[in-house]
Amino acid sequence: MNGHHRLPLRIRCALQCLLMVVFISGCNAGTETEADNPPVATSLGPEQLGVIVNDNDPDSQAVAAYYMEKRGIPAGNLIHAQLTPGRKVMNPDRFRLLLEDVRANTPASVQAYVLTWTLPYRVGCMSITTAFAAGFDEAWCAKGCKATQKSPYYNAGTTRPFTDLGVRPTMMLAGESFEDVRALIDRGIAADGSRPNGTGYLLSTTDRARNVRARFYHGIILMQSDRFGLKVIQGNTLQHRPGVMFYFTGLPHVKGIETNRYRPGAIADHLTSAGGKLSGSGQMSSLEWLKAGATGSYGTVVEPCAFVQKFPRPDIVINRYLNGETLIESYWKSVAWPGQGIFIGEPLAAPFRDPRE
């Protein structure tokens, strides 16, 4: 018990000095103010978002101007592109030239992109959002029921996706009209730091092929029910519900979504083959969720087969959103194979972000 007295004098003195430093540091720690330790940003902000505008589309120009003003995005983050308006699909070779020019004019601070048009939504076999994020490569969209390229951003902890991973996650401000997109932007801004009450609905449908995400529902309830109200619904419809914050389902058409009321910042999507075909599809377009009042949605632009990896994992989306990340981060990090999927919505919406950031 008394062995420490046998230590050499110089070592005993060094230990005493170390203990004194620890004691003084502990005392000083209690006197620090928030000004001494300002909160560290935990997600993307306006300075890191590049806004890509189609100079040939008046609606795209109007959306870009409105969004940059409302979000306080630096003028230098506006990036010009020339696309043929109204076309659904873009030629990959032409896209490569366009992307080369866009990247050359992207400020070094930009970590993510937002597109300010609705058409085109596809590049060859890829969604246009993933094509901008990672470049066109058919490895992202293998034909048939096959695995595709995995996103390095999947469930990643980084807040600097381009700096750390070489990927600029991309989302599209899409809608049937400028008025629709303006309302979408306003909802996203209204969501910030609001910490809304509401309910997340996880629908387990009768469509076995499209109900593959139901395997995650039990775990979501176990992990998140103490933080947010979540319900598993056995059925195909959800109607006349107030305060919808999350709505995940699997059907080619979802009835009654317009009868619900969605919180600003709400996320909603339906797992099906062609939800990302934003125009002229035989299945329900993901735009219908935004039209009904959601702030973010997702869908595939070509046949993906029922690979759960090609669709958002609700457990990851919900967890990251509740942790304060933005819509674009939460959604993108939840899709393992995003090559065929398009992300639409207001990218900087962050309902659960600390308002001090």
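As the structure is a prediction and not an experimental result, all values here were calculated from the model.

Enquirer: Is there a simple way to explain the packing of aromatic side chains in this structure?
Expert: Each aromatic ring pair is described using two quantities: the centre-to-centre distance and the angle formed by the ring planes. Scanning the entire structure with this criterion turns up 16 aromatic pairs. For the pair Tyr 247 and Trp 289, a centre-to-centre distance of 4.8 Å together with 70° between the ring planes defines the contact as edge-to-face. Of this pair, Tyr 247 sits in strand 10 (residues 244-249) while Trp 289 is found in helix 8 (residues 287-292), placing the two residues 42 residues apart along the sequence. Judged by relative accessible area, Tyr 247 falls into the buried class, the value being 0%. Residue Trp 289 is classed as buried on the basis of its relative accessible area of 0%. Ring geometry for Tyr 321 versus Phe 352: centroids 6.1 Å apart, planes at 70°, classification edge-to-face. Placement of Tyr 321 in helix 9 (residues 314-322) and of Phe 352 in the segment after strand 13 (341-345) is noted, with a sequence separation of 31 residues between them. Look at Phe 352 and you get buried, because its relative accessible area is 7%. An aromatic cluster of at least three residues, connected via ring pairs, comprises Phe 228, Phe 246, Phe 248, Tyr 321 and Phe 352. If you follow Arg 168 out to its NZ or CZ, it ends over the ring of Phe 162, 3.5 Å from the centre.

Enquirer: Please clarify how the sheet that holds strand 5 (residues 122-123) should be interpreted in this entry.
Expert: The strands making up a sheet associate through hydrogen bonds between their backbones, and the pairing can be parallel or antiparallel. With mixed pairing, the three strands of this open sheet are ordered in space as 3-5-6. Each having just a single partner strand, strand 3 (89-90) and strand 6 (126-127) make up the two edges of the open sheet. By the bridge criterion, two bridges tie strand 3 to strand 5 in an arrangement that is parallel. Considered in strand 5, the bridge of Met 90 is made with Val 123.

Enquirer: Help me understand the packing of helix 2 (residues 58-71) against helix 6 (residues 178-191), please; the structure alone is not making it clear to me.
Expert: Geometry of a packed helix pair, given as the angle between the helix axes and the separation of the axes. For the pair helix 2 and helix 6, interaxial distance at closest approach is 10 Å and the crossing angle is 20°. With respect to their mutual orientation, helix 2 and helix 6 come out roughly parallel. Viewed along their axes, helix 2 and helix 6 form a crossing whose handedness is right-handed. When helix 2 is examined against helix 6, the residues Asp 59, Ala 62, Val 63, Tyr 66, Tyr 67, Lys 70 and Arg 71 are found in contact with a partner set consisting of Phe 178, Val 181, Arg 182, Ile 185, Asp 186, Gly 188 and Ile 189. By residue class, the composition of the contact of helix 2 with helix 6 is eight nonpolar, one polar and five charged.

Calculation notes
- Along each chain, numbering runs from 1 in the same order as the chain's sequence is written.
- Residue-level local features of this predicted model are given only where pLDDT is at least 70; pairs of side-chain atoms are given and counted only at 80 or more, and the full residue set underlies all totals for whole chains, interfaces and linings.
- For side-chain calculations, the full set of non-hydrogen atoms in the structure is used, while hydrogens and water are omitted.
- Aromatic rings from Phe, Tyr and Trp, with only the six-membered ring used for Trp, were paired whenever their centres fell within 6.5 Å, and each pair was classed as stacked if the ring planes differed by under 30 degrees, edge-to-face if by over 60, and tilted otherwise.
- By definition, any uninterrupted DSSP run of H or I lasting at least four residues is a helix, any uninterrupted run of E lasting at least two residues is a strand, and each is numbered from the N terminus.
- For every residue, the accessible area obtained with a 1.4 Å probe (protein chains only) is divided by the maximum for its type, and the residue is called buried under 20%, exposed over 50%, and partly exposed between those limits.
- Charge-over-ring placement is defined geometrically: NZ (Lys) or CZ (Arg) within 6 Å of the ring centre, and within 35 degrees of the ring normal.
- In this description, strands pair whenever DSSP reports at least two bridges between them.
- Only the contacting stretch of a helix is used when fitting its axis, a line to C-alpha atoms as for every element, and angles between N-to-C directions run 0 to 180 degrees.
- Throughout this description, any angle smaller than 35 degrees is read as roughly parallel, any larger than 145 degrees as roughly antiparallel, any in the 65 to 115 degree range as roughly perpendicular, and the remainder as oblique.
- In this scheme the handedness of a crossing depends on how the near helix is turned from the far one: anticlockwise by less than a right angle means left-handed, clockwise means right-handed.
- Should any heavy atoms of two residues lie within 4.5 Å, those residues are considered in contact.
- Gly falls in the polar group here, along with every residue not listed as nonpolar (Ala, Val, Leu, Ile, Met, Phe, Trp, Tyr, Cys, Pro) or charged (Asp, Glu, Lys, Arg).

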